[in-house]
Amino acid sequence: LSHNLNNPTSRTLNLMSKIIEKLCRIESYEEPEVKGQVYRLHFNENLHLPDDYYYKLLDIKLSIDDVKYYTEPLNKSFNKLLANFLNLHENQVFTTCGADEALRLILQLSLHGYKKVLIIEPTYGLVKILAKVMNLNVDTAVVNDKLEIDIDDITERRDVDVIYICNPNNPTGHFFNISNLEKIITNVDSLIVIDEAYIEFSGKDHIPLIHKYDNVVLIRTFSKAWGLAGLRVGYVLGSEKIIQILKKISLPHNIPYPSIIYVSKALKLKNYVEESIRSIIQVREFMIRELKSMVDYVYPSVTNFITFKISNAEIVWKKLLERGFLTRILNNNPYCKDCIRVTVPPLSIAKVFLTTLRQILEELR
Ligand SMILES: Cc1ncc(COP(=O)(O)O)c(C=O)c1O
């Protein structure tokens, strides 16, 4: 041992191995590999947009300069374009490399505070992992049987820098009452992050909250309703002060310029997105009605996915996959045991999915 301590290389290795060991103990964010021809119903992308939308979007010839040079620092022009689109001031908007980057940036703020974040379970699994790999402490509150938050419990928590609330929530798909969120916002010192990845499907909106409160930020994405997950563009809305800080801790060239070009074009094709949302809502309601007669419990979704509880969830999930439907099994989430989450597909596929599920349940009887 004394030999090791006197040897700087060994000391470094000892320290490194401690860090590596600690990080190894943190669970990884598991994503299924997509093999062969399957319906991809596991990631909540928008499957209702017509090819025409994508043809119009991609009908832009990139110039040499678009890829030769570094992007505009912090995407200033796009922040402005997006702010105009949303009727906000450019200083209230900051574009990120997907909602995930926004989440990581916001959690990073906690490193300068008490190093503690609070999440409301069950929720988007990546948040806890991001916080843990940043060596933050994660506090958890759990929704009750009616999927409501215990406001008193949350407001009594101490030394919390950031409270993460996903609304509409993933994986339940339900919506937390905004007036309850407001009770939390007005009774804590923490920064409240509302992840609005699925907001466009819900017909709701938290934007009034950022005009009223400095301790609220909203995270949005072009990956879900806008059907552009591969471009990796998300954004944060909040007070000028918070946005300024996020810009400070962001990488200066966080998004490839082609993504900015295509997303800018998408803003002009909003009608396609609105039409697809109407279609998703119709199919979602049809699927919820059908599923209710087949499974143990269907969560009340206002999103483009549905989560249901079912006996033998793992077996059902495997059989669905064998028959060409890749869904999300939530068994790793202790708050969603025996649950499967499925993206709402176009009606024709939804019908085949339901018939397949019915057959599987018959076989398991
Ligand atoms: C709640 C929630 N937030 C954020 C994300 C990530 O979005 P993005 O693709 O913009 O990084 C997802 C993706 O599934 C999500 O479900």
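Residues numbered from 1 in each chain as written. Predicted model: local features only at pLDDT ≥ 70, side-chain atom pairs only at ≥ 80, totals over all residues. Heavy atoms only, no water.

Visitor: So what's going on with the site of the ligand? Which residues, and what values?
Guide: In the vicinity of the ligand there are 13 residues, among which Ala99, Asp195, Tyr198, Thr221 and Ser223 approach most closely. Alone, the ligand offers 390 Å² of accessible surface; in the complex the protein occludes 93% of this. In this structure the site holding the ligand corresponds to the largest pocket. No other element matches helix H6 (residues 98-109), which puts three residues into the shell around the ligand. Partitioned by chemical class, the residues of the shell around the ligand number five nonpolar, four polar and four charged. (Near = heavy atom within 4 Å. Areas by Shrake-Rupley, 256 points an atom, 1.4 Å probe, with all protein chains shown as cover. 1 Å grid on protein atoms, 1.4 Å probe; cavity = no way out; pocket = protein on both sides within 12 Å on 5 of 7 lines; lining within 4 Å. Sits in = over half its atoms within 2 Å of the grid points. Helix = DSSP H or I, 4+ residues; strand = E, 2+ residues; numbered from the N terminus. Nonpolar A, V, L, I, M, F, W, Y, C, P; charged D, E, K, R; others polar.)

Visitor: Could you give an account of the side chain of Asn304, naming the residues involved and the relevant values?
Guide: Locating Asn304 in the fold gives a position in the loop between strand S9 (297-298) and strand S10 (305-309). A distance of 3.0 Å separates a polar atom in the side chain of Asn304 from the backbone oxygen of Asn44. (Polar contact = N/O pair within 3.5 Å; in protein donor to acceptor, adjacent residues only side chain to side chain.)

Visitor: Which residues make up the nonpolar core, and what values go with them?
Guide: Core analysis: the biggest nonpolar cluster contains 90 residues, and Phe222, Met287, Phe308, Phe353 and Leu357 have the highest contact counts within it. When near neighbours in sequence (up to four residues on either side) are disregarded, Phe308 contacts Leu291, Val295, Tyr297, Val298, Asp338, Cys339, Ile340, Val342, Phe353 and Leu357. (Core = buried A, V, L, I, M, F, W, Y, C linked by side-chain atoms within 4.5 Å. Buried < 20%, exposed > 50% of the residue type's maximum accessible area, 1.4 Å probe, protein only. Contact = heavy atoms within 4.5 Å.)

Visitor: Go over the sheet that holds strand S3 (residues 116-121), please, and point to the residues and values.
Guide: The sheet built from seven strands is open, its strands ordered S2-S8-S7-S6-S5-S3-S4 with mixed pairing. The open sheet terminates on both sides in strands that have one partner only, identified here as strand S2 (93-96) and strand S4 (137-142). This sheet shows a mean twist of 25° between the axes of neighbouring strands, independent of strand direction. Lying over the sheet, H6 contacts S2, S3, strand S5 (162-166), strand S6 (191-195), strand S7 (216-221) and strand S8 (234-238), oriented at roughly 155° with respect to S7. (Pairing = 2+ DSSP bridges. Axes fitted to C-alpha atoms, helices over the stretch in contact; angles between N-to-C directions.)

Visitor: Tell me what's going on with the packing of H6 against helix H7 (residues 125-133), and back it up with residues and numbers.
Guide: Between H6 and H7, whose axes approach to 10 Å, the crossing angle comes to 40°. Of the possible angle classes, the one that applies to H6 and H7 is oblique. Between H6 and H7 the crossing geometry is right-handed. Residues Asp100, Leu103, Arg104 and Leu107 of H6 form the contact with H7, whose own contacting residues are Leu126, Val127, Leu130 and Ala131. Considering only residue class, the contact of H6 with H7 consists of six nonpolar, no polar and two charged. (Parallel < 35°, antiparallel > 145°, perpendicular 65-115°, else oblique. Left-handed = near helix turned anticlockwise from the far one by under 90°.)

Visitor: For the packing of helix H13 (residues 270-292) against helix H15 (residues 347-364), give the residues involved together with the corresponding values.
Guide: Contact geometry of H13 with H15 gives a least axis separation of 10 Å together with a crossing angle of 10°. Accordingly, the angle class assigned to the pair H13 and H15 is roughly parallel. Facing Val283, Phe286, Met287, Glu290 and Leu291 of H13, the residues of H15 in contact are Leu347, Ala350, Lys351, Phe353, Leu354, Leu357 and Arg358. Taken together, the residues of the contact of H13 with H15 break down into nine nonpolar, no polar and three charged.

Visitor: Summarise the sheet that holds S9; cite the residues concerned and give the values.
Guide: With respect to topology, four strands assemble into an open sheet ordered S9-S10-S13-S12, the strand pairing being antiparallel. Each edge of the open sheet carries a strand with a single partner, namely S9 and strand S12 (328-329).

Visitor: Can you lay out unusual backbone geometry for me, pointing to particular residues and giving the numbers?
Guide: Apart from glycine, the bulk of residues carry a negative phi angle, and the bulk of peptide bonds sit in the trans form. With an omega of 0°, the peptide bond between Glu121 and Pro122 qualifies as cis. Relative to the elements of secondary structure, Pro122 occurs in the loop between S3 and H7. Of the consecutive residues Asn170 and Pro171, the connecting peptide bond is found in the cis state with omega at 15°. Positive phi outside glycine occurs at Leu147, with the angle close to 65°.

Visitor: Describe the pattern of salt bridges, with residues and values.
Guide: Per the stated rule, a full pass over the model turns up 15 salt bridges. With a closest N to O distance of 3.5 Å, Arg40 and Glu45 form a salt bridge. Under the relative-accessibility criterion, Glu45 is labelled buried at 17%. A salt bridge links Glu275 to Arg278, with the shortest nitrogen-to-oxygen separation between them at 3.0 Å. (Salt bridge = Lys/Arg side-chain N within 4 Å of Asp/Glu carboxyl O.)

Visitor: Give me the lowdown on helix H14 (residues 313-322), citing residues and values where you can.
Guide: Those residues of H14 not exposed but buried are Ala313, Val316, Trp317 and Leu320. With its buried residues spanning 100° around the axis, H14 presents them on a single face. Turning to H14, the residues buried within the fold contact strand S11 (325-326), S12, strand S13 (339-343) and H15. Note on H14: the residue one or two positions beyond its end, Gly324, has a positive phi of about 95°. (Arc of directions from axis to C-beta.)

Visitor: Give a detailed account of the packing of aromatic side chains, specifying residues and quantitative values.
Guide: In this structure the tally under the stated criterion is eleven aromatic pairs. Seen from their ring centres, Phe222 and Tyr235 are 5.6 Å apart, and the 45° between their planes marks the pair as tilted. Linking Phe222 in the loop between S7 and S8 with Tyr235 in strand S8, this pair joins segments that are 13 residues apart in sequence. Lying over the aromatic face of Phe175, Lys204 brings its terminal NZ or CZ to 5.1 Å of the ring centre. We note Arg341 situated over the ring of Phe305; from NZ or CZ to the ring centre the distance is 5.6 Å. (Phe/Tyr/Trp six-rings, centres within 6.5 Å; stacked < 30°, edge-to-face > 60°. Lys NZ or Arg CZ within 6 Å of the ring centre and 35° of its normal.)

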